[in-house]
Amino acid sequence: MYTRDPAFWRAGAIASTLFMSAVLVILAVNSLDAITPGGSHVPLYDVINNQISYSYDSARGEYVPKIGGQELLFNHEYSETEAKALIGKGKMVIQSRACMDCHTFFGNGAYYAPDLTRAWLDPVWAEYPGTKRGDAMAAFLMHPFRLGYHEMPNLHLSRDEAQAAVAYLKWMSAVDTNGFPNGFGVAQAK
Ligand code: HEC
């Protein structure tokens, strides 16, 4: 019987490893289009010059970000290069201050504080008359005040650091997450 021959099983193991490796390569190349800025799911960095909203797409049966007309951040129109640098700095601020120790991004992180994937869209930022959404959010990051969950500690961000983090969060809110729920996993304060 050929099934008694170790060479048969060796050949089977090698063939399936090669096949699955090829599948992995195809999947990786295929998802690059979705995860690269300017690809199908991630906007270019200069999306921070635009209005971003979130609405129900009945064809897809899920909420999707919608990119609207111009809505400048900090009264400045960023070129793609400037926006990329600012968002890169925001990423460094977010990593160095370990925001993920309390928050989640795309559901990854800690569950103490709200998911930040769509924090840009929180209606609370529009409740400050005379203050633009981006400025209200940067002010919050520099001097956190009680929003309703637990209290966020003051991380002593400079204005530049807070603005860079806001740019990162605005850009992130425009990422198409295939319907990942908005306002996910918030631990409620007792
Ligand atoms: C020690 C825990 C902790 C850390 C670290 C932390 N936060 Fe927070 N954050 C909170 C809590 C708690 C809230 C909710 C505040 C409230 O409800 O009053 C919050 C709220 C927020 C909000 C408002 C969310 C919304 O949906 O309106 C933003 C934006 C935010 N944090 C950004 C950040 C950023 C950016 C960092 C890193 C630079 C960070 N946080 C680090 C605990 C933290």
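Bear in mind that the values here come from a model prediction, so they are computed numbers and not experimental data. (Residues numbered from 1 in each chain as written. Predicted model: local features only at pLDDT ≥ 70, side-chain atom pairs only at ≥ 80, totals over all residues.)

What is the right way to look at the domain arrangement of the protein in this model?
Quoted interface sizes are often the accessible area lost when the parts come together. Each assigned domain of the protein is listed here: domain 1 (2-35) and domain 2 (45-173). One C-alpha centre belongs to domain 1, the other to domain 2; they are set 41 Å apart. (Domains from an automatic or database assignment.)

What should I look at first to understand the pairing of strand 1 (residues 50-57) in this one?
The side chains of a regular strand alternate between both faces of the sheet. Where strand 1 and strand 2 (residues 62-70) come together, seven bridges link them in antiparallel fashion. The residue of strand 2 that forms the bridge with isoleucine 52 is isoleucine 67. The turn linking strand 1 back onto strand 2 is made up of four residues, and glycine 61 within it adopts a positive phi angle of 70°. (Pairing = 2+ DSSP bridges. Helix = DSSP H or I, 4+ residues; strand = E, 2+ residues; numbered from the N terminus.)

I'm lost on the site of the ligand in this one. Help?
Near the ligand, the surroundings consist of 26 residues, among which Cys99, Cys102, Ala113, Tyr149 and Met152 are the closest. Grouping the amino acids of the shell around the ligand by side-chain chemistry returns 18 nonpolar, three polar and five charged. (Near = placed C-beta within 6 Å. Nonpolar A, V, L, I, M, F, W, Y, C, P; charged D, E, K, R; others polar.)

Whenever I open this one, the nonpolar core confuses me. Can you help?
Nonpolar side chains tend to gather and get buried jointly when the protein is soluble and globular. Ranked by internal contacts, the top residues of the largest apolar core, which has 31 residues, are Ile48, Ala165, Val166, Ala167, Tyr168, Leu169 and Trp171. Of all the elements, helix 4 (residues 159-173) adds the most residues to this core, at nine residues. Setting aside its immediate chain neighbours within four residues, isoleucine 48 contacts Leu73, Tyr78, Ala83, Ala167, Lys170 and Trp171. (Core = buried A, V, L, I, M, F, W, Y, C linked by C-beta atoms within 7 Å. Buried ≥ 20, exposed ≤ 12 C-beta atoms within 10 Å, placed from the backbone. Contact = placed C-beta atoms within 7 Å.)

Just checking my understanding: could you explain the packing of helix 3 (residues 133-142) against helix 4 for this structure?
For any two helices packed against each other, the geometry comes down to the angle between their axes and how far apart the axes lie. It is at 9 Å that the axes of helix 3 and helix 4 come closest, and there the two elements cross at 125°. The angle between the axes of helix 3 and helix 4 places the two elements in the oblique class. In the crossing of helix 3 with helix 4, the sense of the turn from one axis to the other is right-handed. The segment helix 3 lies against helix 4, with Gly134, Met137, Ala138, Leu141 and Met142 engaging Arg159, Ala162, Gln163, Ala165, Val166 and Lys170. (Axes fitted to C-alpha atoms, helices over the stretch in contact; angles between N-to-C directions. Parallel < 35°, antiparallel > 145°, perpendicular 65-115°, else oblique. Left-handed = near helix turned anticlockwise from the far one by under 90°.)

Would you mind showing me how to read the environment of leucine 86 here?
Within the element layout of this structure, leucine 86 appears in helix 2 (residues 80-96). The class of leucine 86 is buried, set by 24 C-beta atoms lying within 10 Å. Leave out the neighbours within four places in its chain, and leucine 86 touches Tyr78, Ala164 and Ala167.

I tried to follow helix 2 on my own but got confused; where do I start?
It helps to recall that an α-helix has 3.6 residues per turn; residues three or four apart then point in one direction. Relative to the 24 Å expected for 17 residues at 1.5 Å per residue, helix 2 spans 24 Å between its end C-alpha atoms, a close match to the ideal helical length. Among the residues making up helix 2, those that are buried are Ala83, Leu86, Ile87, Gly90, Val93 and Ile94. Seen end-on, helix 2 carries its buried residues on one side only, within an arc spanning 110°. Structural note: helix 2 exposes Thr81, Gln95 and Ser96 on the side pointing more than 90 degrees away from its buried face. The elements touched by buried residues of helix 2 are helix 4. Positioned one or two residues after helix 2, alanine 98 has a phi angle of 50°, which is positive. (Expected span 1.5 Å × (residues − 1). Arc of directions from axis to C-beta.)

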